[in-house]
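The lines below spell out each chain.
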Amino acid sequence: MNDLNDLARRYVAVWNEPDTAVRREMIARLFAPDAAHYTPSMEAHGHAQLEVRITTSYDKWVEPGAYVFRAVENANGHHDTVRFNWEMVRTASGKVDSVGFDFLTLGEDGRIRTDHQFIES
């Protein structure tokens with residue numbers, strides 16, 4: 001596996017990406033075509049649904065300028081799995097308002113097959 005913290009940074013970067021076309025390309029590079037993303041309240045399957053999911057989050061949290069997401073440099077994994085944390089940070093103050101945890105399974109090509117996302121308090 002490549003540097004897992006780099007994977008976490010690239011994963012978080014897609015949630016901050018303002019350009020729709022670039023975001024779509026980033027999704028295609030990060031996620032397998034049939035990838036699944038799960039949260040406790042929703043799921044998205046495939047690139048089109050992932051794009052809607054990520055864009056909705058971007059529009060709600062990042063685009064208004066109040067927040068940015070950043071990776072925590074704690075990624076680790078084994079047997080084609082990766083886990084890491086990320087933070088939702090207030091842009092004005094740098095205060096962390098939310099911490100997330102993602103558990104990924106990767107395909108042979110290194111792209112994400114499944115993404116289980118949890119929000120920690």
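Counting of residues starts from 1 at the beginning of each chain's written sequence and follows it residue by residue. Totals for whole chains, interfaces and linings use every residue, but because this is a predicted model, local features are given only for residues with pLDDT of at least 70 and side-chain atom pairs only at 80 or more, for both listing and counting. Each side-chain value is derived from all of the structure's non-hydrogen atoms; neither hydrogens nor water enter the calculation.

- As recorded in an unreviewed UniProt entry, the chain goes by the name Nuclear transport factor 2 family protein, listed as coming from Microbispora bryophytorum subsp. camponoti.

1. A few points about the overall build of the chain
Stage number 1. Secondary structure elements follow DSSP: runs of H or I of four or more residues count as helices, runs of E of two or more count as strands, with numbering from the N terminus. Secondary structure summary: the chain contains three helices and seven strands in total.
Stage number 2. Listing the helices and strands of the chain from first to last along the sequence gives α-α-β-β-α-β-β-β-β-β.
Stage number 3. We take the radius of gyration over the C-alpha atoms and set the globule estimate at 2.2 Å times the residue count to the 0.38 power. Relative to the compact-globule value of 14 Å for 121 residues, the chain shows a C-alpha radius of gyration of 13 Å, a close match.
Stage number 4. C-alpha atoms of the chain, sized along the principal axes, occupy 40 × 30 × 25 Å.
Stage number 5. The long-range fraction of contacts in the chain, counting pairs at least 24 apart against all pairs at least 6 apart in sequence, stands at 43%.
Stage number 6. Roughly 6700 Å² of accessible area belongs to the chain as shown, and the carbon and sulfur atoms make up 53% of that amount.
Stage number 7. Counting rule for charge: Lys and Arg are taken as positive, Asp and Glu as negative, and neither His nor the chain ends is counted. Note that the charge is assigned to NZ on lysines, CZ on arginines, CG on aspartates and CD on glutamates. Averaging the locations of the 13 positively and 19 negatively charged side chains of the chain gives two centres separated by 4 Å. It only takes one pair of heavy atoms within 4.5 Å for two residues to be counted as in contact. The protein chains shown are the only cover counted for residues, whose accessible areas, like all others here, come from Shrake-Rupley with a 1.4 Å probe.

2. What to know about the pairing of strand β7 (residues 112-120)
Stage number 1. Two strands qualify as a pair provided DSSP detects at least 2 bridges between them. Bridge count between strand β1 (residues 31-38) and β7: four bridges; the pairing is parallel. Residue pairing across strands places Ala 36 opposite Thr 114, the latter belonging to β7.
Stage number 2. Judged from the eight bridges that link them, strand β6 (residues 96-106) and β7 form a sheet pairing that is antiparallel. Residue pairing in the sheet places Leu 106 in a bridge with Ile 112 of β7.

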